[in-house]
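# Inside the fold
Here is how the chains run, residue by residue.
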Amino acid sequence: MLALVMLINRSGSMVLPFLGVYMTSHLGFSIENSGIVLSFFGIGSVLGSWLGGQITDKIGEYRVQSLSLLLSVPLFCMIPLFETEVGLAGIILAQSTISEAFRPANSVAITKYAKPENITRAFSLNRMAVNLGFSIGPALGGILSQISYELLFFTNALGALLAGIMYIWFFSKRNKLAAKKERKINTQAVTKKENSPYRDGKFILYCFFCMLFSVCFFQLFSTLTIFYKDAAKLSQENIGFILAYSGFLIVLLEMGFVQIAEKYFSLAVTLLLGTFICGVSYGMLAFDHTIITLLISMTLLCIGEIWVLPFMSTITALRSGNNNKGAYMGLNGIAFSVSFIITPYLGTMIAENYGFGKLWIGTGVACTFIAVAFYYIIPWMLSKKETDKEAV
């Protein structure tokens, strides 16, 4: 049911991929100013990830997810009211703070309801729902944006509302039963003092490289769509269809590729391969941007994503303890959110001043470096001795 709620929510997630195009083509912002405004989505994501992680450990993942979904609705509806750089930056900051508080709470809910041996597959199932929704959302968003950007924002609000209603309807009773069970357990057991992720040096280093990877990968939502429009000369509908293709491809491949990685690779090797493949997918765009190349690049990016993102969540869950999962998921979420501050401005600045070719080559080189770093950091961080000593 968590996956179904995520599917409905992300089916309405069509605003972010088109914000850059909306600002440059509809509002007349420069590419660089659009990147600056998009960076405020990242600032809100950082605040939301931190806030969501902290309050999840205090009031529970049910309340955090419910509030995040329902409060997002009016904020999506307000976005088209702001047409200046300052005004749009402000409303995007508020909206992303509220909506991104959902993520650490949702990750904690997955670890709560999934069996330990199935945790990566549970994250993968949730991601499949995200990507199926994301494949529907941008395709629909490309069509809606041709008609009216206001319709785009209102449809996104409707998706959040439907997801919130379904989540509350299904989980309200289950949450009460789970809370009663947890209170009973806590009265019978001595609660161990667990390490804060903000004092866990190895985990902080791991999150730093997660952030660097995210800076490279999440150009998917900012610089890449501008590249599709300005350099590859794709229409907004075709941009939406390519993004939809990525979502459907992940839905088709994710479970199979996750099982292959679990059976044949260690966590370190999985992230090494996934990160390197993402770098190849971006690097090849420097040399050609015909439609065939764009589709091959997106295919490789999907495969790399499958071997990175769900396993990052698994690694975070393994490093955390029983009562600080929200804080750990929140800090790892901050690592991703910081990239939403850096990526739009850095990517658009490099593209505008040096060209897309240098941007894509630099992204490929950076991913190769990050892949090697993951290969050495993950075993060092997750050794049984260190995990028992520092994370439990």
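Predicted model only: the values in this text are computed from it and were never measured.

### A look at the overall build of the protein
The helix and strand tally for the protein stands at 17 helices and 0 strands. Burial analysis of the protein (392 residues in total) assigns 56% to the buried set. In the protein, once contacts between residues fewer than 6 apart in sequence are set aside, the share between residues at least 24 apart is 86%. Carbon and sulfur atoms form 68% of the exposed surface of the protein, whose accessible area is close to 16600 Å².

### What about the pattern of salt bridges?
In this structure the tally under the stated criterion is 1 salt bridge. One salt bridge in this structure joins Asp200 and Arg319, with 2.9 Å as the shortest N-O distance. You can see Asp200 sitting in the loop between α8 (149–188) and α9 (201–217) and its partner Arg319 sitting in helix α14 (residues 309–319), a full 119 residues away along the chain. For Asp200, a relative accessible area of 0% puts it in the buried group. Taking the relative accessible area as the measure of exposure, Arg319 reaches 0% and is therefore buried.

### As for helix α15 (residues 325–354)
If you check α15, its first and last C-alpha atoms are 42 Å apart, about what 30 residues at 1.5 Å a residue would give, namely 44 Å. Maximum bend of α15: about 35°, positioned at Ile342, with proline Pro344 one to four residues after it. Once α15 finishes, Gly355 follows within two positions and takes phi at roughly 100°, a positive value.

### Quick word on helix α5 (residues 85–100)
Its 16 residues place the ends of α5 22 Å apart at the C-alpha level, agreeing with the 22 Å of an ideal helix rising 1.5 Å per residue. Buried within α5 are the following residues: Gly87, Leu88, Ala89, Ile91, Ile92, Gln95, Ser96, Thr97, Ser99 and Glu100.

### Thoughts on unusual backbone geometry
Not every positive phi belongs to a glycine, and Lys233 is a case in point at roughly 60°. As for its position among the elements, Lys233 is in the loop between α10 (223–230) and α11 (236–264). With relative accessibility at 65%, the residue Lys233 sits in the exposed group.

### Structural notes on the nonpolar core
In terms of nonpolar packing, the biggest core is built from 85 residues, with Leu88, Tyr206, Met312 and Phe374 touching the most fellow members. Looking at this core element by element, the count peaks at 11 residues for helix α16 (residues 356–382). Once residues lying within four places of it in the same chain are set aside, the contact partners of Tyr206 are Met312, Ile315, Thr316, Asn332, Phe374, Ile377, Ile378 and Met381. The next biggest cluster of nonpolar side chains, apart from the first, holds 7 residues, and it includes Ala122, Phe123, Ala317 and Met329.

### Section: the environment of Ala94
Following the sequence through the fold, Ala94 ends up in helix α5. For Ala94, a relative accessible area of 31% corresponds to the partly exposed category. Sequence-wise, Ala94 and Ile43 are 51 residues apart; in three dimensions their C-alpha atoms are separated by 9.5 Å.

### Thoughts on the environment of Phe265
Take Phe265: it is sitting in the loop between α11 and α12 (267–283). Its relative accessible area of 27% is what places Phe265 among the partly exposed residues. When neighbours within four sequence positions are excluded, Phe265 is seen to be in contact with Ile260, Thr270, Leu273 and Trp307.

### So, a nonpolar patch on the surface
There is a patch of nonpolar side chains on the surface, built from Leu70, Leu158, Leu161, Leu162 and Ile165 and spanning about 410 Å² of accessible area. Ranked by residue count, the leading element in the nonpolar patch is α8, at 4 residues. Within the fold, Ile165 resides in helix α8.

### Remarks on the packing of aromatic side chains
Tallied over the full model, the rule gives 16 aromatic pairs. For the ring pair Phe227 and Tyr228, a centre distance of 6.3 Å and an interplane angle of 45° mean the geometry is tilted. An identical accessibility class is assigned to Phe227 and Tyr228; each is buried. Linked through ring pairs, Phe227, Tyr228, Tyr282, Phe356 and Trp360 together constitute an aromatic cluster.

### Quick notes on the state of the cysteines
By definition, a disulfide links two cysteine residues through a covalent bond between their sulfur atoms. All chains considered together, the criterion is met by 0 disulfides. No disulfide involves Cys210; its sulfur sits 5.5 Å from that of Cys207, the nearest cysteine. Left without a disulfide partner, Cys216 is nearest to the cysteine sulfur of Cys367, which lies 3.9 Å away. Overall, the relative accessible area of 7% leaves Cys216 in the buried class.

### Topic: the packing of helix α3 (residues 31–59) against helix α4 (residues 61–78)
Taken N-terminus to C-terminus, the directions of α3 and α4 make an angle of 130°; their axes are 7 Å apart at the nearest point. Put simply, α3 runs oblique to α4. Listed contacts from α4 to Gly52, Ile55, Thr56 and Ile59 of α3 are Glu61, Arg63 and Val64. Counted by class, the contact of α3 with α4 contains 3 nonpolar, 2 polar and 2 charged residues.

Rules of the game
Residues numbered from 1 in each chain as written. Predicted model: local features only at pLDDT ≥ 70, side-chain atom pairs only at ≥ 80, totals over all residues. Heavy atoms only, no water. Helix = DSSP H or I, 4+ residues; strand = E, 2+ residues; numbered from the N terminus. Buried < 20%, exposed > 50% of the residue type's maximum accessible area, 1.4 Å probe, protein only. Contact = heavy atoms within 4.5 Å. Areas by Shrake-Rupley, 256 points an atom, 1.4 Å probe, with all protein chains shown as cover. Salt bridge = Lys/Arg side-chain N within 4 Å of Asp/Glu carboxyl O. Expected span 1.5 Å × (residues − 1). Bend = angle between axes of the 7 residues up to and from the residue. Core = buried A, V, L, I, M, F, W, Y, C linked by side-chain atoms within 4.5 Å. Patch = residues over 30% accessible without salt bridge, like charges linked within 9 Å, V, L, I, M, F, W, Y side chains within 5 Å. Phe/Tyr/Trp six-rings, centres within 6.5 Å; stacked < 30°, edge-to-face > 60°. Disulfide = S-S within 2.5 Å. Axes fitted to C-alpha atoms, helices over the stretch in contact; angles between N-to-C directions. Parallel < 35°, antiparallel > 145°, perpendicular 65-115°, else oblique. Nonpolar A, V, L, I, M, F, W, Y, C, P; charged D, E, K, R; others polar.

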